[in-house]
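# Descriptive analysis of the structure
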Amino acid sequence: MTEDTSGTLDEALERLHAAGPEHRGWLSNHAPMAVEALVRHGHGRVVHRWLDRYRDKLEEMPGSYARITEENWREALGDPRRLADWPAYFDRELADRPWRDVLAVWWPRLLPGIAGGATHPVIRVGHAVRTLLDDPEGTTAPRTAELAHALGYWAARHAPLPPLGQRPGPGSGSAADALAAVEPIADQSGGIRERLPRLTAFPAWPPALPAPGLAERPEEARRRLAELVRAATHRYATHGHGEPVMLVHAATAPNAVLRVLPALPRELWAPSLDAAWAASAAVTAAYAPPEPLPAGAADPAGPAGRLPSAAGVTPEEVFARAAAHGDEHAIKLTDTALDVGGGTDATALTAALRACAMIDPAL
């Protein structure tokens, strides 16, 4: 990360914490995630201008419904009327205990609802935890508050997937082949809240290991999760045209989980992998197109001309294009693409460039 000696990120987070996590009834407030990525990749100078442009998507935090306590949190889980109450609860928790301890308690409680809020809450948690891990000795109040907002958003929008069957996994055992084996839902009409209840089954992945299994091999779980992030990012380069905005989350959701792993007890790594797979497969099934783009294809959402590739383009140039493009989804996918292979993976960088080509620019 480019060191934020200017305090831009903390200023931006303080500016945003008066706003609620959603706008227009259900759409996610992406600003905390986007500004964290912009600062991380050396574009802090554009953050406040970016926020000025985004302000029409910011709404005030809704009013309190009822205080959440240790006695009633279960009945409040997944209740969007509590969008303000849950961050207040986590503010109190984080004031009393170290943030890692709070995360360790709540992560397994929230994982079953990873797809809630179209996966945006877990993605926001991933960005928040990344900032806290950057400087564990100098954690700032705005960054701790951002974790409270992110966890609170997840708790309010917590929504388990429907009961799912299990199809045989790919013989290769690879994440790429597992994603390719995910069957699109038959009816891809409506938004994600209408689509996810239509899910019926996913391929089995990751493949079972002989004893000891993944629970006893946390490093293998972490390796598999990194493989899933890479596979989903690569797949965006060939299948992102199915829905260029929503298919971003098939990669960014599991990457958020990967970012959180270092802050978690190792016994939580294997269940985190399972949840990340469920999130990525769910988004893939909900929006995947029937066919990949052919080599040399034109931008299906724009004027004629070949979709870009990353040949001869540096990682810094790729992110600069995303920052200039300005759309929050393009910024977040590019941020994930730069995580893949340490920013040297050409297919991941191509996926980022194609996100900028297929998603409408915001600046």
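Worth saying up front: this structure is predicted, and the values here are computed from it rather than measured. The residue numbering used here restarts from 1 in each chain and proceeds along that chain's sequence as written. Where local features are concerned, this predicted model is filtered to residues with pLDDT of at least 70; where side-chain atom pairs are given and counted, the filter is 80 or more; whole-chain, interface and lining totals use all residues. Values reported for side chains reflect all heavy atoms of the structure, with hydrogen atoms and water molecules removed beforehand.

## Some details on the overall build of the protein
To be explicit about the condition: Only DSSP runs of H or I with at least four residues qualify as helices, and only runs of E with at least two residues qualify as strands; both kinds are numbered from the N terminus onward. With a 1.4 Å probe rolled over the protein chains alone, any residue whose accessible area is under 20% of its type maximum counts as buried; one over 50% counts as exposed, and the rest are partly exposed. Residue contacts are defined here by distance: any two heavy atoms, one from each residue, within 4.5 Å place the two residues in contact. Per-residue and other accessible areas were derived by the Shrake-Rupley procedure at a 1.4 Å probe size, with only the shown protein chains allowed to occlude residues.
Tallying secondary structure elements over the protein gives 16 helices and four strands in all. For the protein, the spread of C-alpha atoms along the principal axes amounts to about 55 × 50 × 40 Å. Sorting the 363 residues of the protein into buried and exposed places 56% on the buried side. Expressed as a percentage of contacts within the protein between residues at least 6 apart in sequence, the contacts between residues at least 24 apart total 77%. Accessible area of the protein: about 14700 Å², with a carbon and sulfur share of 52%.

## Re the packing of aromatic side chains
Our working definition: Each Phe, Tyr or Trp ring (for Trp, its six-membered ring) is paired with any other whose centre lies within 6.5 Å, and the angle between the two planes then decides the class: stacked below 30 degrees, edge-to-face above 60, tilted in between.
Inspection of every chain in the model, using the stated rule, returns ten aromatic pairs. A ring pair is formed by Trp 86 and Trp 106, whose centres lie 5.5 Å apart and whose planes are at 80°; its orientation type is edge-to-face. With a gap of 20 residues between them, Trp 86 in helix H5 (residues 85–96) and Trp 106 in helix H6 (residues 99–110) connect regions that are remote in the sequence. By the burial criterion, Trp 86 is buried, and Trp 106 matches it. Centroid distance Tyr 89 to Trp 106: 5.7 Å. Interplanar angle 75°. Geometry classified as edge-to-face. Taken as a pair, Tyr 89 in helix H5 and Trp 106 in helix H6 lie far apart in primary sequence, 17 residues in all.

## What to know about the layout of surface pockets
Put simply, the rule reads: Grid points spaced at 1 Å and placed over the protein atoms alone form the basis of the search, with a cavity being a set where a 1.4 Å probe fits but cannot get out and a pocket an open set showing protein on both sides within 12 Å along at least five of seven lines. Lining residues have an atom within 4 Å of a point. Grid points are joined across faces, edges and corners, and a volume is the space filled by probe spheres set on the points. Classification convention: Asp, Glu, Lys, Arg as charged; Ala, Val, Leu, Ile, Met, Phe, Trp, Tyr, Cys, Pro as nonpolar; all other residues, Gly among them, as polar.
Taken as a whole, the largest pocket encloses approximately 320 Å³ of empty space. For the largest pocket, the lining is made up of 18 residues, of which Leu 27, Ser 28, His 30, Val 245 and His 329 are closest to its centre. Elements with a contribution of two residues or more to the lining of the largest pocket: strand S2 (27–28) and helix H15 (328–339). When grouped by side-chain class, the residues that make up the lining of the largest pocket number eight nonpolar, six polar and four charged.

## Topic: the environment of Glu 317
Which entries qualify depends on this criterion: Here a polar contact is taken to be a pair of N or O atoms separated by no more than 3.5 Å, where protein atoms must pair a possible hydrogen donor with a possible acceptor and residues adjacent in sequence count only if both atoms sit in side chains.
By the secondary structure assignment, Glu 317 is in helix H14 (residues 315–325). Here Glu 317 falls in the partly exposed class, since its relative accessible area comes to 39%. For Glu 317, the side chain forms a polar contact with the main-chain nitrogen of Thr 314, separated by 2.9 Å.

## Things to note about empty space enclosed by the protein
By the definition in use, this model includes four cavities of 30 Å³ or more. Volume-wise, the largest cavity comes out at about 80 Å³. By residue number, the principal contributor to the lining of the largest cavity is helix H11 (residues 218–239), which donates four residues. Its residues assigned to classes, the lining of the largest cavity shows five nonpolar, three polar and one charged.

## With respect to the nonpolar core
The cut-off we apply is this: Among the buried residues, those of types Ala, Val, Leu, Ile, Met, Phe, Trp, Tyr and Cys that are joined through side-chain atoms within 4.5 Å form a nonpolar core.
Of all hydrophobic cores here, the largest spans 121 residues; its most connected members are Trp 86 and Trp 107. It is helix H13 (residues 269–287) that provides the largest number of residues to this core, a total of 14 residues. Look past the residues within four positions of Trp 107 in its chain and what remains in contact with it is Val 122, Val 125, Trp 154, Val 257, Val 260, Leu 264, Leu 268 and Ser 272.

## With respect to the environment of Pro 244
Inspection of the secondary structure puts Pro 244 in the loop between H11 and helix H12 (249–260). Placed 113 residues apart in sequence, Pro 244 and Ala 357 show a C-alpha to C-alpha distance of 9.4 Å. What Pro 244 contacts, discounting residues up to four positions off in sequence, is Tyr 236, Met 358 and Ile 359.

## Quick word on the side chain of His 43
Checked against the element boundaries, His 43 lands in the loop between helix H2 (31–40) and helix H3 (47–54). What His 43 contacts, discounting residues up to four positions off in sequence, is Leu 38, Phe 319, Ala 320 and Ala 323.

## Digging into the environment of Leu 261
Relative to the helices and strands, Leu 261 resides in the loop between H12 and H13. Looking at Leu 261, the relative accessible area reads 0%, which means it is buried. When the C-alpha atoms of Leu 261 and Arg 222 are compared, they prove to be 7.8 Å apart, with 39 residues separating the residues in sequence. In contact with Leu 261, other than residues within four places in its own chain, are Arg 222, Leu 225, Trp 269 and Ser 272.

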